[in-house]
Amino acid sequence: MSEDARLVAWVRGHVQGVGFRWFTRAKALEIGGLQGFALNLGDGRVQVVAEGSRDRCERLLEWLQTGDTPGHVDGVTEIWDTPRGGYDGFAIR
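Residues numbered from 1 in each chain as written. Predicted model: local features only at pLDDT ≥ 70, side-chain atom pairs only at ≥ 80, totals over all residues. Heavy atoms only, no water.

Asker: An account of the overall build of the protein chain is requested, with residue identities and associated values reported.
Answerer: Across its full length, the protein chain holds 2 helices and 5 strands. Counted from the first residue to the last, the protein chain has its helices and strands arranged as β-α-β-β-α-β-β. What you see for the protein chain is a C-alpha radius of gyration of 12 Å, in line with the 12 Å of a compact globule of 93 residues. Projected onto the principal axes, the alpha-carbon positions of the protein chain cover approximately 35 × 25 × 20 Å. Among the 93 residues that make up the protein chain, the fraction classed as buried is 40%. Residue pairs in contact within the protein chain that sit at least 24 positions apart in sequence constitute 77% of those at least 6 positions apart. A total of about 5,000 Å² of accessible surface is found on the protein chain, and carbon and sulfur atoms cover 45% of it. (Helix = DSSP H or I, 4+ residues; strand = E, 2+ residues; numbered from the N terminus. Rg over C-alpha atoms; globule rule 2.2 N^0.38 Å. Buried < 20%, exposed > 50% of the residue type's maximum accessible area, 1.4 Å probe, protein only. Contact = heavy atoms within 4.5 Å. Areas by Shrake-Rupley, 256 points an atom, 1.4 Å probe, with all protein chains shown as cover.)

The following block contains the structure:
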């Protein structure tokens, strides 16, 4: 199993008002072992924070970039960091 990581991703496109956060949470739960949240931002993007094993975070990122997501994703910007903890499951905020 790979080391733990923290993924912070900002998803651009038509991603608000289409169930994107709900589907992101469902995908994180399907992958398993991820904690964090999906949050609508005031500028129309969705911020996704996921902590867990690096390979599971990478699977979620790949889905955000190329998966069958609701709405339309124009692009994803991500940063990687060490986990901070403090999350109880994967939430919609």
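Asker: An account of the pattern of salt bridges is requested, with residue identities and associated values reported.
Answerer: Scanning all chains against the criterion turns up 5 salt bridges. We note a salt bridge from E58 to R54, for which the minimum N-O separation is 3.0 Å. Note that E58 and R54 are positioned in helix α2 (residues 54-66) at a spacing of 4 residues, about one turn of the helix. On the accessibility criterion, E58 (37% relative accessible area) is partly exposed. Assessed through its relative accessible area of 30%, R54 is described here as partly exposed. (Salt bridge = Lys/Arg side-chain N within 4 Å of Asp/Glu carboxyl O.)

Asker: Could you give me a rundown of the sheet that holds strand β3 (residues 46-53), with the residues and numbers involved?
Answerer: In spatial order, the strands read β4-β1-β3-β2-β5; together these 5 strands make up an open sheet with mixed pairing. Each edge of the sheet is formed by a strand with only one pairing partner; in this case those strands are β4 (72-81) and β5 (90-92). Averaged over neighbouring strand pairs, the angle between their axes works out to 15° when direction is ignored. Together, β1 (4-14), β2 (35-40), β3, β4 and β5 form the strand contacts of helix α1 (residues 20-31), whose direction differs from that of β5 by roughly 170°. Along the sheet face, α2 touches β1, β3 and β4 and points at about 155° away from the line of β3. (Pairing = 2+ DSSP bridges. Axes fitted to C-alpha atoms, helices over the stretch in contact; angles between N-to-C directions.)

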